[in-house]
Amino acid sequence: STWTLTAEGHRQAADLASSPWFEGAAILAAGPEPKMVQSLRPTAERLGIDIAIDDAFRETEATWLPHEEFLSSVTQLFASPTSAPAAGWEPSRDAGLRFLAGMRSIFLSRPDDDLVVCSGGRALTSLLVELGAVGRDVAFSCWQSIRMPDIAVVDMATHGSPVMLHHFADTS
């Protein structure tokens, strides 16, 4: 995608940069889409660190569809994780595992550092499902709850399953 942030999007990214969730972040990563990098740029400037651009964090592959068909395809994306819901679409499981592999690669080289990743909503939801932080049965409603911009925080350092510390649309 070549989408860029609007003036309002840039303002929201600047506001997001002051989020307490980013305190202590040592690594910023984003998918290659301009809007992802632009969303993290104010945070990078505030923290004085670079943004690592990694294809592992891109949005799920998809083709343009009319709105109702798009929503139906996103529903199927999460309901049937191993199959493409429409021609040209990436299965949810593939996206989640791709995203997880990108995170693991970073964690292998910097296991003690906090990581912030900016990506697209379908890819992030696919990751959260693969991590077990969001149930597949509620994945579509999780995706629908995402505001732009929004934050989900997952503690990956726990023993056993990752723990969701902050869910999309949670204002606390």
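The shown structure was predicted, so the numbers you read here are calculated from the model rather than taken from an experiment. (Residues numbered from 1 in each chain as written. Predicted model: local features only at pLDDT ≥ 70, side-chain atom pairs only at ≥ 80, totals over all residues. Heavy atoms only, no water.)

This part covers the pattern of salt bridges. Evaluated as defined, the whole model comprises 11 salt bridges. Its salt-bridge partner being E130, residue R93 comes within 2.4 Å of it at the nearest N-O pair. Within this pair, whereas R93 is found in helix α4 (residues 92–109), its partner E130 is found in helix α5 (residues 121–131), the two being separated by 37 residues in sequence. In this structure R93 comes out as partly exposed when scored by relative accessible area, which is 35%. (Salt bridge = Lys/Arg side-chain N within 4 Å of Asp/Glu carboxyl O. Helix = DSSP H or I, 4+ residues; strand = E, 2+ residues; numbered from the N terminus. Buried < 20%, exposed > 50% of the residue type's maximum accessible area, 1.4 Å probe, protein only.)

Below, the discussion takes up the state of the cysteines. Considering all chains together, one arrives at zero disulfides under this definition. Cysteine C118 is unpaired, with the sulfur of C142 as its nearest cysteine sulfur at 15 Å. Here C118 falls in the buried class, since its relative accessible area comes to 15%. Assessed through its relative accessible area of 4%, C142 is described here as buried. (Disulfide = S-S within 2.5 Å.)

One open sheet accounts for three strands, arranged β2-β1-β3; its pairing is parallel. Edge positions in the sheet fall to β2 (51–53) and β3 (114–118), since each of these pairs with one other strand and no more. On average, each strand axis in the sheet is tilted by 30° relative to the strand beside it, whichever way the strands run. Relative to β2, strand β1 (residues 25–30) is paired through three bridges, and the arrangement is parallel. For L28, the partnering residue across the bridge sits in β2 and is I51. In the packing of α4 onto the sheet, contacts are made with β1 and β3, and the angle to β3 comes to roughly 150°. (Pairing = 2+ DSSP bridges. Axes fitted to C-alpha atoms, helices over the stretch in contact; angles between N-to-C directions. Contact = heavy atoms within 4.5 Å.)

A complete count under the given rule lists four aromatic pairs for this structure. Ring centres of F70 and W89 lie 5.8 Å apart, and the angle between their planes is 55°; this geometry places the pair in the tilted category. Of the two residues, F70 is situated in helix α3 (residues 67–79) and W89 in the loop between α3 and α4; the sequence distance between them amounts to 19 residues. The exposure class of F70 is partly exposed, given its relative accessible area of 21%. Of the residues examined, W89 reaches a relative accessible area of 5% and is grouped as buried. A cation over an aromatic ring shows up here: R122 above the ring of W89, its NZ or CZ 5.4 Å from the ring centre. (Phe/Tyr/Trp six-rings, centres within 6.5 Å; stacked < 30°, edge-to-face > 60°. Lys NZ or Arg CZ within 6 Å of the ring centre and 35° of its normal.)

Here the focus is the environment of A139. Note on placement: A139 falls in helix α6 (residues 139–145). Take A139: its relative accessible area is 0%, and that puts it in the buried class. Residues A139 and E69, spaced 70 residues apart in sequence, show a C-alpha to C-alpha distance of 18 Å. Those residues in contact with A139, other than ones at most four positions away along the chain, are F78, T125, V129 and V134.

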